Amino acid sequence: MLGLYARKVGMTQVFDETGNLFPVTVIRIEPNVVLGTKTKETDGYAAIVVGIDEEKKNRVTKPKAGQFPENIPPKKKIREIRDFEKEVAVGDTLGIEALEGLRYVDVSGVSKGKGFQGVVKRYGFGGGRKTHGSKFHREPGSTGQNTYPARTIKNRKLPGRMGRENTTVLSLSVIKMDIEKQLVMVKGAVPGINKGLVFIRSAVKKGR
């Protein structure tokens, strides 16, 4: 698998060679520093560990600092990528070149927070009639049984906090790559706010 940390820049639209218009999300690949490697002989599986965004040394505890090689400053975000398909060494900096040639990607990020919402917005409930005299509009309705046991069953869809969850969008088409500016343009929307951190990887459900 190939994957890197990146940042969502925003959305725009581009034309392809045949003149078709596509809505795209622009993702900028940030420098991913290789912090460590794992092998099947020593760890039971093959993987690399990458990190992004330097962290102040006075904010790093000794146990966390022990994860980083001596010549590499601590990173705010670290991630293990199993079965990385390219040969890398500790200290290498990975960029968009590691993803070159991919046609489909999966993008993971934290979705936008929408606060406390009712069932109509949170789950798409239809609600009641909008006519005058109706006393049932946007309420969730009955939530339990009227016989024993009189309780609300777990996982009932009710009002609550919406958004700000780890979300992955699968099999997005790569429309364009700008190697010089480290930009990837994918067809459609990806989770998160602009300038938010995302993880882009080779698609697991589609070929390249």
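Keep in mind it's a predicted model, so treat the numbers as computed, not measured.

Time to look at the overall build of the chain. Within the chain, the regular secondary structure consists of 3 helices and 12 strands. The C-alpha radius of gyration computed for the chain amounts to 23 Å, which surpasses the reference 17 Å derived for 208 residues by more than 25%, pointing to a less compact arrangement than a globule. For the chain, the spread of C-alpha atoms along the principal axes amounts to about 70 × 55 × 35 Å. Across the 208 residues of the chain, 35% fall into the buried class. In the chain, of all internal contacts separated by at least 6 residues, the share reaching a separation of at least 24 is 68%.

Applying the stated criterion across every chain yields a total of 6 salt bridges. For R28, the salt bridge is made with E30, and the minimal N-O distance between the two is 3.0 Å. Residues joined by salt bridges that share partners form a network here, namely K38, E80 and R82.

Below, the discussion takes up the sheet that holds strand β4 (residues 47-54). Ordered in space as β5-β4-β3-β6, the 4 strands form an open sheet in which the pairing is antiparallel. Because the sheet does not close on itself, it has two edges, and the strands there are β5 (75-82) and β6 (93-94). Pairing of strand β3 (residues 32-38) with β6, which is carried by 2 bridges, proceeds in the antiparallel orientation. Note that in β6 the partner of N32 across the bridge is L94.

A barrel is described by the order of its strands in space; here 6 strands give the closed sequence β1-β2-β11-β10-β7-β12, paired in antiparallel fashion. Looking at each pair of strands side by side, their axes are set apart by 50° on average, direction ignored. Here 5 bridges tie strand β7 (residues 104-110) to strand β12 (residues 197-202), and the two strands are oriented antiparallel to one another. Paired with V105 across the two strands is S202, which belongs to β12.

Bringing the packing of aromatic side chains into the picture now. Applying the stated criterion across every chain yields a total of 2 aromatic pairs. Each ring, one from Y5 and one from F199, has its centre 5.8 Å from the other, and the planes form 80°; the classification is edge-to-face. Remark: F199 occurs in strand β12 and Y5 occurs in strand β1 (residues 3-15); sequence separation between them is 194 residues. A residue is classified by how much of its surface remains accessible, and F199, at 2% relative accessible area, is buried. Sitting over the face of the ring of Y45, R82 holds its NZ or CZ atom 3.8 Å from the ring centroid.

The sheet contact formed by β1 and strand β2 (residues 21-29) spans 9 bridges and is antiparallel. Within β2, the residue paired with M11 across the bridge is T25. Where β1 hands over to β2, the hairpin turn is made up of 5 residues, of which G19 adopts a positive phi near 95°. Pairing of β2 with strand β11 (residues 183-187), which is carried by 5 bridges, proceeds in the antiparallel orientation. Among the inter-strand pairings, I27 is bridged to a residue of β11, identified as V184.

On to the confidence of the model for the chain. Averaged over all residues, the pLDDT of the chain equals 92, while 99% of them reach at least 70. Mean pLDDT values for the elements of the chain range from 89 in helix α2 (residues 62-65) up to 97 in strand β8 (residues 113-117).

Right, let's get into the environment of E30. If you trace the backbone, E30 turns up in the loop between β2 and β3. Put simply, E30 and T18 are 12 residues apart on the chain and 31 Å apart in space, counted from C-alpha to C-alpha. Apart from the residues within four sequence positions on either side, E30 is in contact with Y5, A6, R7, I52 and L94. A polar side-chain atom of E30 sits 3.0 Å from a polar atom in the side chain of R28.

Conventions adopted
- Residues numbered from 1 in each chain as written.
- Predicted model: local features only at pLDDT ≥ 70, side-chain atom pairs only at ≥ 80, totals over all residues.
- Heavy atoms only, no water.
- Helix = DSSP H or I, 4+ residues; strand = E, 2+ residues; numbered from the N terminus.
- Rg over C-alpha atoms; globule rule 2.2 N^0.38 Å.
- Buried < 20%, exposed > 50% of the residue type's maximum accessible area, 1.4 Å probe, protein only.
- Contact = heavy atoms within 4.5 Å.
- Salt bridge = Lys/Arg side-chain N within 4 Å of Asp/Glu carboxyl O.
- Pairing = 2+ DSSP bridges.
- Axes fitted to C-alpha atoms, helices over the stretch in contact; angles between N-to-C directions.
- Phe/Tyr/Trp six-rings, centres within 6.5 Å; stacked < 30°, edge-to-face > 60°.
- Lys NZ or Arg CZ within 6 Å of the ring centre and 35° of its normal.
- pLDDT = per-residue confidence, 0-100.
- Polar contact = N/O pair within 3.5 Å; in protein donor to acceptor, adjacent residues only side chain to side chain.

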